[in-house]
Amino acid sequence: MTGHIASLWVYPVKGARGVPVEEADVLPGTGLRHDRSLAIARGDQQVPPRTAWRPRSAFKQVARDPDMTQVTVTMAGAGVVELRHLAHPDGPPVRSDRPSEGILGAWFGEPGLRLVRGDGAALWDLPDTELSLVNLATVRALAVSDLDFRRFRANVYLDGLPAFAELAWVGRRVRLGDCEAEVTRHTGRCRATSANPSTGERDVELPAVLTRAFGHPNLGVYARLAAPHPALLRKGAPVTVGGPPGTVRYADASWPREAEVLETVREDDRTVSLWLRDPFRLPVAAGQHLRVHLPTADGGMTWRAYSVSGRLRITVRLRGEVSNRLASLVSGDRLLISGPFGVPALSPERRPLYLVSAGIGITPVAATVRQLVADADRRPLAVLHVDADEKSAALWPEVADAVQRTGGTATLFETRPAARRPGPSDIVELLPAGADALVCGSTGFVAAVSGALRAAGVDADRIHADPFLSPATEPPVRRPAPDPGPHPVTYLPEDVAATWTDADGTLLELAENHGVPVPSACRSGACGTCVLDLVHGEVSYLVDPPITPGSRAVLACSAVPTGPVVLRSRAATPAEGPE
C-alpha cells in the first residue's frame, strides 16, 4: 500500500489558520517545528506566558470560537509569528515578540486575551500528540459538496491510498519519506470541523455527518516519531504502511479496528451468528452493541449496529445486503468494527430483572442471561420473548436453558398460534416486583412495552430500551437553544466546573472543550452512549431523541442546560490491556 504526501501544514498558533510548507522538521515529543507552539489564552484562565500543556478550554479554539478561522499567520522571523484578523484588515498585527493584549481584545471583544507559548510541548488538544494525518481519499468518500479539507487541520495530507485505509493503522508504523511514525490513535472529530475555514460560519454539522455516513466520528489519525531523533518531512514523499499492528497503548471504543472472525454459526435458515476476536480486547457487557462497517461499491461505507449476543458474538437476521455479506464471512476473515456502545443492562445492585424482547431482539437477552450464568448471579429473573412460533425463535433454546440455570422463568409468546400480539396485561403479568427492565425489538415494540411498564409503576430510569435503529441518511437539524445562558455546569465525578453559553453547543461539546471524558458515538441521541445522570437542574433537547431517556437521564450529545445543572457520568468498566 503506497501513497504520497499531498501537502504539509504547520499551525503556529492554536486555532488560527495554517501555513502550507514544502518541508518541515519533525521533533521528538513535539511534532513539526513551530506547530501549535503558541495559543491565545482566555482572560478568565490563569495561564503563564510560557505554559505546560493544558486542556483546550484554556485557549481560544475553533470548536468554541469559529472566528479563529479568520486569523491568519505568517512567519516574521526566527521563531516569531505575525497574526492578522481578516475582519480588521487595516489594524495593527499581533506579533509574538511584542505585547498584544489590546489588539486581541479589539479583535474578539474579550478582555484579558494574550498570546502564550508552549513550554517544551505543542499545545494540541491531547498531550501525547505529535502529528496529525488525514487521508484525502476518505475526505472525498464523505461525499459532502465542496468540503474544504482544511477543516481537519492536519499536518500531513495523504493521497494515492484507498479510502478508509487508515482505519486499520492504529498500532502500525507508517513511513513518510525518510520519517517513520507510529500511529497512536484515531482522530475523533468535534465541532471545530463544522466551521467553514474560509468564512468561520458553522455550515455543516460535520461530526453528525461523519457518524451517519461512516458509523463513527473519526477522520484521520494521530502519530508520533518512531525514533528518538529529528526527521524531515517533504511534500511529495512516498508513504508506505507497515505490517500488522503492534502493541496499542491506549484504545477507545469509538475507534474502528479489524476484528478477526473466529467462527460463523448458522442458527437457522435466516439467522447467523459471528464469533469475533477484538484486537483491542475491550470489555463488553450485556446490553451493549457493536457497529460493523463495510465498504460499498461506490467507494463509500455503510454500517449497521448489532447488539452483542455473547462475548464476543453478534447474531444477525438475514434481511438485506449487509446481513448477507456478514453471513458470507468465514473463519480468518477480517471485519471492521467499533464499540461496544451503550449502557450495560445489569445493575450492580442486583435488583430483580425483567427481559422483554421480540424477534431478533432476543440478542441482548441472550447476552444478559449468559452473563448471569457466568457470574452465578441468582437475582430474581423473568424473560418474555415474542416471536411467530418456537421454530422461528432464534437463540430461544439457549436463552431458556440459561434462564432455567439461574432459577428464573422464561416465557415464549407465540403470536401465530395465539393469533395476536401481547397486550399490556400480558407484559405486566410477568413483571417481578421492583425490577429493572431490558426491552429490545422494533421501535414500536419498545415504545409499547415501555409504556406498559411505566403505566404499571416502573420508573423510566429503570427501563433500558434497546430499539432497532437504522442509520439515518440526513444529519439532524438542531433547534436553537431555548436560553442562551450563561449557566453553570458541573461534571461529576471529575468535579469539573464549566460555564455554558449557546456558543458551546451541547453538553457533550462543552465536556469535550473542558477535557471531561464523556463517551459518544452517534452524536444525535440515537445510541445512548453519551447518557449522563442528571443530579440537579433541567435540560432541553436541540434534537428529539428517537427513544425518550429516563426522567433523570441526559443524552449529552443532544441536550443543553436551561439553568444550573450537575451531571454525573455512569460508571464504566475499565479497559483491559491489548494482547
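In what follows, the structure referred to is the one given above.
None of the values given here were measured: they were computed from a predicted structure.

Draft legend 1. Focus on the overall build of the protein. In terms of regular secondary structure, the protein is built from ten helices and 35 strands. On C-alpha atoms alone, the protein measures out to a radius of gyration of 26 Å, which is about the 25 Å that the 2.2 N^0.38 rule sets for 579 residues. For the protein, the C-alpha atoms occupy an extent of roughly 85 × 50 × 40 Å along the three principal directions. Sequence-distant contacts, at least 24 apart, represent 70% of the contacts inside the protein between residues at least 6 apart. Of the roughly 23700 Å² of accessible surface on the protein, 51% is carried by carbon and sulfur atoms. For the protein, the centre of its 62 positive side-chain charges and the centre of its 65 negative side-chain charges are spaced 2 Å apart.

Draft legend 2. View of the nonpolar core. If you look at the biggest cluster of nonpolar residues, it comprises 32 residues, and the most contacted ones within it are Ile 5, Leu 131, Leu 133, Leu 158, Trp 169, Leu 176 and Leu 233. Residue contacts for Leu 158: discarding those within four places in its chain leaves His 4, Ile 5, Ala 6, Leu 133, Val 134, Asn 135, Leu 136, Trp 169, Leu 176 and Val 239. Ranked by size, the runner-up nonpolar core spans 25 residues in total, among them Val 489, Val 516, Cys 530 and Ala 559.

Draft legend 3. Examining the packing of aromatic side chains more closely. A full pass over the atoms with the stated rule returns seven aromatic pairs. Measuring from centroid to centroid gives 6.3 Å for Trp 107 and Phe 108, while their planes differ by 75 degrees, and the two rings are edge-to-face. The ring of Phe 341 has Arg 291 lying over it, and the distance from NZ or CZ to the ring centre is 5.2 Å.

Draft legend 4. Structural view of the sheet that holds strand S4 (residues 31-32). Across the sheet, three strands lie side by side as S4-S3-S16; this open sheet has antiparallel pairing. Edge positions in the sheet fall to S4 and strand S16 (231-234), since each has one partner strand and no second. In terms of strand pairing, strand S3 (residues 23-27) meets S4 through two bridges, oriented antiparallel. Each bridged residue has a counterpart across the sheet, and for Leu 27 the counterpart in S4 is Gly 31.

Draft legend 5. Region of the structure containing helix H3 (residues 206-214). The buried count for H3 comes to eight of nine residues, which makes it a mostly enclosed element. Every buried residue belonging to H3 is among Leu 206, Pro 207, Ala 208, Val 209, Leu 210, Thr 211, Arg 212 and Phe 214, and all of these are buried. Elements in contact with the buried residues of H3: helix H2 (136-141), strand S15 (218-225), strand S20 (289-295) and strand S21 (301-310). Phi turns positive, to about 85 degrees, at Gly 215, one or two residues after H3.

Draft legend 6. Local environment of helix H5 (residues 362-374). Under the 1.5 Å per step criterion, the end-to-end length of H5 is 18 Å for 13 residues, consistent within 8% with the ideal 18 Å. The complete set of buried residues in H5 reads Ile 362, Thr 363, Pro 364, Val 365, Ala 366, Ala 367, Thr 368, Val 369 and Leu 372. Positioned one or two residues after H5, Ala 376 has a phi angle of 55 degrees, which is positive.

Draft legend 7. Examining the side chain of Thr 51 more closely. Within the element layout of this structure, Thr 51 appears in strand S6 (residues 50-51). When its relative accessible area of 1% is taken as the criterion, Thr 51 is described as buried. In terms of polar contacts, Thr 51 uses its side chain to reach the side chain of Arg 54, at 2.7 Å. Ignoring any residue separated from it by four or fewer positions in sequence, one finds Thr 51 in contact with Phe 59, Val 116, Arg 117, Gly 118, Asp 119 and Leu 123.

Draft legend 8. Seen up close, the environment of Ala 455. With respect to the helices and strands, the residue Ala 455 is situated in helix H9 (residues 443-455). Taking the relative accessible area as the measure of exposure, Ala 455 reaches 70% and is therefore exposed. Residues Ala 455 and Leu 38, 417 residues apart in the sequence, show an inter-C-alpha distance of 58 Å.

Draft legend 9. View of the pattern of salt bridges. Throughout the structure, instances matching the rule amount to 38 salt bridges. When the shortest N-O distance is used, the salt bridge between Arg 42 and Glu 110 registers 3.9 Å. With Arg 42 in the loop between strand S5 (38-41) and S6 and Glu 110 in the loop between helix H1 (101-108) and strand S10 (114-118), this residue pair connects regions lying 68 residues apart in the sequence. Residue Lys 60 is joined to Glu 110 by a salt bridge in which the shortest nitrogen-to-oxygen separation is 2.6 Å. Here Lys 60, found in the loop between S6 and strand S7 (71-77), pairs with Glu 110, found in the loop between H1 and S10; they are 50 residues apart in sequence, far enough to count as distant. Linked through salt bridges whose partners overlap, the residues forming this network are Arg 42, Lys 60, Arg 64, Asp 65, Glu 110 and Asp 504.

Draft legend 10. Spatial organisation of the pairing of strand S18 (residues 257-268). Sheet topology places S18 next to strand S23 (residues 334-341); four bridges connect them, and they run antiparallel. Bridging from a neighbouring strand, Glu 258 pairs with Leu 336 of S23. Note: S18 against strand S19 (residues 271-277), seven bridges, orientation antiparallel. Among the inter-strand pairings, Arg 266 is bridged to a residue of S19, identified as Val 272. Linking S18 back to S19 in an antiparallel pair, the connection comprises two residues.

Cut-offs applied
Residues numbered from 1 in each chain as written. Predicted model: local features only at pLDDT ≥ 70, side-chain atom pairs only at ≥ 80, totals over all residues. Heavy atoms only, no water. Helix = DSSP H or I, 4+ residues; strand = E, 2+ residues; numbered from the N terminus. Rg over C-alpha atoms; globule rule 2.2 N^0.38 Å. Contact = heavy atoms within 4.5 Å. Areas by Shrake-Rupley, 256 points an atom, 1.4 Å probe, with all protein chains shown as cover. Lys, Arg positive; Asp, Glu negative; His and termini not counted. Charge placed at Lys NZ, Arg CZ, Asp CG, Glu CD. Core = buried A, V, L, I, M, F, W, Y, C linked by side-chain atoms within 4.5 Å. Buried < 20%, exposed > 50% of the residue type's maximum accessible area, 1.4 Å probe, protein only. Phe/Tyr/Trp six-rings, centres within 6.5 Å; stacked < 30°, edge-to-face > 60°. Lys NZ or Arg CZ within 6 Å of the ring centre and 35° of its normal. Pairing = 2+ DSSP bridges. Expected span 1.5 Å × (residues − 1). Polar contact = N/O pair within 3.5 Å; in protein donor to acceptor, adjacent residues only side chain to side chain. Salt bridge = Lys/Arg side-chain N within 4 Å of Asp/Glu carboxyl O.

Limitation: the analysis is restricted to geometry and does not speak to function.
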